[in-house]
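Understanding the architecture of this molecule
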Amino acid sequence: MPKRDDIKSVLVIGSGPIVIGQAAEFDYSGTQACRVLQEEGVRVILLNSNPATIMTDPGFADQTYIEPITTPVLEEIIRIERPDAILPTLGGQTALNAAMALHSEGILAKYDVELIGASFEAIQRGEDRQIFKELVIECGAEVAASRIANTVEQAVDYAQELGYPLVIRPSYTMGGLGSGFAHTEAELVRMVSDGLHQSPNTEVLLEESILGWKEYELELMRDGSDNTVAVCSIENFDPVGVHTGDSITVAPALTLTDREYQKLRDIGIAIIRAVGVDTGGCNIQFAIDPLDGRIIVIEMNPRVSRSSALASKATGFPIAKIAAKLALGYRLDEIPNDITKVTPASFEPTLDYVVVKVPRFAFEKFPLADRTLTTTMKSVGEAMAMGRNFSSALNKALRSLEQKGSSFHWGEQADSTKELVRRSAVPTDGRIVTVQQALRAGASVDELYEATGIDPWFLDQISLINEVAHAVHAAPELTYEVLVEAKEHGLSDYQIGTLRDVEEGEVRKLRHSLGLRPVFKTVDTCAGEFPAFTPYHYSSYDQETEVRPSDATKVIILGSGPNRIGQGIEFDYSCVHASFALREAGFETIMINC
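Residues numbered from 1 in each chain as written. Predicted model: local features only at pLDDT ≥ 70, side-chain atom pairs only at ≥ 80, totals over all residues. Heavy atoms only, no water.

**Side note on the overall build of the protein chain**
Filter applied, for reference: Secondary structure elements follow DSSP: runs of H or I of four or more residues count as helices, runs of E of two or more count as strands, with numbering from the N terminus. C-alpha atoms define the radius of gyration in this analysis, and the globule rule sets the expected value at 2.2 Å times the number of residues to the power 0.38. The contact criterion used throughout is that any non-hydrogen atoms of two residues lie within 4.5 Å. Surface exposure here means Shrake-Rupley accessible area, sampled with a 1.4 Å probe, where a residue is shielded only by the protein chains that are shown.
Within the protein chain, the secondary structure is distributed over 20 helices and 20 strands. Taken over C-alpha atoms, the radius of gyration comes to 24 Å for the protein chain, in line with the 25 Å a tight globule of 594 residues would show. Once the C-alpha set of the protein chain is aligned to its principal axes, its extents read approximately 80 × 70 × 45 Å. Sequence separation of 24 or more characterises 69% of the internal contacts of the protein chain that already satisfy a separation of 6 or more. Element-wise, carbon and sulfur atoms account for 51% of the exposed surface of the protein chain, whose accessible area totals about 24,800 Å².

**Describing a nonpolar patch on the surface**
The condition is simple: Patches in this entry comprise residues that are over 30% relatively accessible and not in a salt bridge; like charges within 9 Å are linked, as are nonpolar side chains (Val, Leu, Ile, Met, Phe, Trp, Tyr) within 5 Å. Basic side-chain nitrogens of Lys or Arg form a salt bridge, by our definition, when they fall within 4 Å of a carboxyl oxygen of Asp or Glu. Buried, partly exposed and exposed residues are distinguished by accessible area as a fraction of the type maximum, computed with a 1.4 Å probe on protein chains only: under 20%, between the cut-offs, and over 50%, respectively.
On the surface, a nonpolar cluster with roughly 380 Å² of combined accessible area is contributed by Ile556, Leu558, Ile590 and Ile592. With respect to the helices and strands, the residue Leu558 is situated in strand β19 (residues 554–558). Among the residues examined, Leu558 registers a relative accessible area of 63% and is labelled exposed.

**Some points on the side chain of Thr228**
Assignment of secondary structure puts Thr228 in strand β11 (residues 228–236). With relative accessibility at 15%, the residue Thr228 sits in the buried group. Not counting chain neighbours up to four residues away, the residues in contact with Thr228 comprise Met221, Arg222, Arg265, Ile269, Ile272, Leu332 and Glu348.

**Quick word on the sheet that holds strand β15 (residues 354–360)**
Put simply, the test is: Pairing between strands is defined by DSSP: at least two bridges between them are needed. Axis definition: a line fitted to C-alpha atoms, over the contacting stretch in the case of helices. Angles run 0 to 180 degrees between N-to-C directions.
Read across the sheet, seven strands follow the order β14-β13-β10-β11-β12-β15-β16 without closing on themselves; strand pairing throughout is antiparallel. Strands with a single pairing partner mark the edges of an open sheet, and in this sheet they are β14 (295–301) and β16 (381–387). Taken over all neighbouring pairs, the strand axes of this sheet differ in orientation by 25 degrees on average, direction set aside. Here β15 runs beside β16; their pairing, made up of seven bridges, is antiparallel. Directly across from Arg360, in β16, lies its bridge partner Gly381.

**Here's the deal with the sheet that holds strand β6 (residues 146–149)**
Two strands in a sheet stick together by hydrogen bonds in their backbones, pointing the same way (parallel) or opposite ways (antiparallel). Across the sheet, which stays open at both edges, the four strands sit in the order β6-β9-β7-β8 with antiparallel pairing between neighbours. Since the sheet does not close on itself, it has two edges, and those belong to β6 and β8 (180–182), each with one partner. Taking each pair of neighbouring strands and ignoring which way they run, the sheet shows an average axis angle of 30 degrees. By the bridge criterion, five bridges tie strand β7 (residues 166–170) to strand β9 (residues 204–208) in an arrangement that is antiparallel. Within β9, the residue paired with Leu166 across the bridge is Glu208.

**Here's the deal with unusual backbone geometry**
A cis amide bond links Tyr164 to the next residue, Pro165, at an omega of -5 degrees. With respect to the element layout, Pro165 can be found in the loop between α7 (152–162) and β7. Cis geometry marks the peptide bond from Ala251 to Pro252; its omega dihedral reads -10 degrees. On the secondary structure map, Pro252 appears in the loop between β12 (249–251) and α9 (258–275).

**Regarding the pairing of β19**
Judged from the five bridges that link them, β19 and strand β20 (residues 588–592) form a sheet pairing that is parallel. Looking across to β20, one finds that Ile557 is bridged to Met591.

**With respect to the packing of helix α14 (residues 431–440) against helix α16 (residues 456–474)**
When two helices pack together, you describe them by how their axes are tilted relative to each other and by the distance separating the axes. Test applied: Crossings are assigned a handedness: left-handed for a near helix turned anticlockwise from the far helix by less than a right angle, right-handed for a clockwise turn. By the convention adopted, Pro, Cys, Tyr, Trp, Phe, Met, Ile, Leu, Val and Ala count as nonpolar, Lys, Arg, Asp and Glu as charged, and the other residues, Gly among them, as polar.
Where α14 contacts α16, the two axes come as close as 9 Å, and the packing angle between them is 65 degrees. As for the relative orientation of α14 and α16, their crossing is right-handed in sense. Facing α14, whose interface residues are Ile432, Val435, Gln436, Leu439 and Arg440, α16 presents Leu459, Ile462, Ser463 and Asn466. Here the residues of the contact of α14 with α16 sort into five nonpolar, three polar and one charged.

**Structural notes on the nonpolar core**
The following threshold applies: Remark: nonpolar core denotes a set of buried residues (Ala, Val, Leu, Ile, Met, Phe, Trp, Tyr, Cys) joined through side-chain atoms within 4.5 Å. Boundary definitions for the domains trace back to an automatic or database domain assignment.
Grouped together as the largest cluster of nonpolar side chains are 52 residues, with contacts concentrated most on Ile86, Ile271 and Val297. Counting contributing residues per domain, this core is built from domain 1 (9–116) and domain 3 (214–359), each supplying no fewer than three. Not counting chain neighbours up to four residues away, the residues in contact with Val297 comprise Phe132, Val136, Ala141, Glu142, Val143, Ile267, Ile271, Ile284, Gln285 and Phe286. Judged by nonpolar contacts, the second largest core, of 45 residues, contains Leu394, Leu401, Val433 and Val472.

**Topic: helix α13 (residues 417–424)**
To keep things clear, this is the line we draw: Note that the arc is computed from the directions linking the helix axis to the C-beta atoms.
The complete set of buried residues in α13 reads Leu420, Val421 and Ser424. Down the axis, α13 shows its buried residues gathered within 100 degrees of arc, on one side only. Exposed side chains of α13 directed beyond 90 degrees from the buried face belong to Lys418 and Arg422.

**Things to note about the environment of Ser492**
Of note, Ser492 is situated in the loop between α17 (480–488) and α18 (493–500). Given a relative accessible area of 11%, Ser492 falls into the buried group. Expressed as a C-alpha distance, the spacing of Ser492 and Pro252, which sit 240 residues apart in the sequence, is 24 Å. Once residues lying within four places of it in the same chain are set aside, the contact partners of Ser492 are Arg399 and Lys487.

**Observations regarding the domain arrangement of the protein chain**
Stated precisely, the cut-off is as follows: The term buried area refers to how much accessible surface (probe radius 1.4 Å) is lost by two components on association, counted for both of them together. Pairing of N or O atoms within 3.5 Å defines a polar contact, subject to two protein rules: one partner must be a possible hydrogen donor and the other a possible acceptor, and residues neighboring in sequence count only if both atoms are side-chain atoms.
Per the domain assignment, the segments making up the protein chain are domain 1 (9–116), domain 2 (146–208), domain 3 (214–359) and domain 4 (549–592). Placing the centre of domain 2 and that of domain 3 at their C-alpha centroids yields a distance of 28 Å. With five residues of domain 2 at the contact, the number on the domain 3 side is five residues. Both faces considered, domain 2 and domain 3 share a buried interface measuring about 430 Å² in area, 50% of it formed by carbon and sulfur atoms. Summed over the shared surface of domain 2 and domain 3, the number is one salt bridge. A salt bridge links Glu208 to Arg294, with the shortest nitrogen-to-oxygen separation between them at 3.6 Å. At the boundary of domain 2 with domain 3, the tally comes to zero residue pairs in polar contact (both at pLDDT 80 or more). In terms of residue class, the side of domain 2 that touches domain 3 is made up of one nonpolar, two polar and two charged.

**Some details on the environment of Leu420**
Following the sequence through the fold, Leu420 ends up in helix α13. On the accessibility criterion, Leu420 (1% relative accessible area) is buried. As a C-alpha pair, Leu420 and Arg169 span 251 residues in sequence and 32 Å in three-dimensional space. Once residues within four sequence positions are removed from consideration, Leu420 is found in contact with Gln413, Asp415, Thr434, Gln437, Ala438 and Ala441.

Structural data, given as structure tokens:
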């Protein structure tokens, strides 16, 4: 199917100011969309109010409006610019809600403007809790037992029927805003009151508790000819009860059987068809009971989501870019893969490495804040790392947080095993280190699984890291073999040095003298089946490097790492412009960031 020739101009709605749950990911997706649309000869009109974004720079859109993302402002822009279509699926929940308001107030019909990427009906089916619940059941999948409440009084009545604890999920919100677990009527009244206030349509879903189940996500894309691909599976390290933005996440999912994964994929494809997302991407969240394998569909985002940026970087599959092309009418099999140049976007990515994302919190700025993690998102950024196995990727990701105490350590521990297990039961920003210390102190995997609900496979991997650290400490000397094993599991020179009571520099000097240095592997979307032409790399203590050397004059640009308070998207903006300027000046640029 060729590109639609009836779309000459598109209004792209941005995500507005950075907030928890909606940050740099949507500048990334919106910028990709603007570039693709312009490359396709479409006139781009942009509305966004964030000065720190790349997308609001001159040149990324033909016409840029730095104005509040409100219905009156949007109507005035539509009146002046007369776009053929509006693309709301790349600006997060802000853009989606703005598009819904335009439809509800009759503005789209008044000016004969079409929504592309997802129709009003698809957005409504994906975002309205009751409609979505009915669709999931029609698809043959399960949802948690639930009721929709529009008043506090209704919620109290339904709670008597469903029983406590209950999950509260407001409609049309992001980052888990207004959500939580209510264990008593007093908590229910407080949470429902807040949830009704946060929901644009004054609606909350009361749901049976699936606290402690395993949580997964699927990123899917579908075109107008019903071609659908599962771009990436993502698994939460923490069980249900911690917002996915606050949980360590892993791609691809590592503790699913193939039968379970294929069932999730089948359910996901059935849901994206039923909802009607036929020219773009979506994110679907699942829960699996670890005792009997029962699968529950939690919710869906009928748009490019926060997780889409992670899935894009994890796989090399440019979700936002392809979503923009699909919105213009292309099929997945008509869009070439930028990395291989020979495979189309209808090829599902294959990973031969592990990706770990670790959230970055800013509780140091708010010492009186409750550090307990719930279904309402609290993290302000995240770091991502890739490795040939889970242990190496996890250790790299924890170091990337640039936060004291965030990495595993093997110093003296004053707390008892019992106390460490007790503390591990409460999800906090530092729980993974507490778990590591509990295992080191002698707690069993079964004990910690009982206390935390974290899958035993992940706990066993942390035990393995402890075993490798013990081997480093107990070795008569640091031989090549000892160092290789330590590096293959992600231990840094500093960690090795503390285990041996030597300086980090001495470890590095010894390692170099033994010829042990990292090589760099390439993200290629196809596990090496086809050559990769996009230079996107991660380090590994492997045998062969996949970086192609060049004779060009090069400049390294050091990125700012994970977002945090006081150091956010502005530095992404600076680094990107530095890369553009240096490239124009004839330099080859190398970006290092996490």
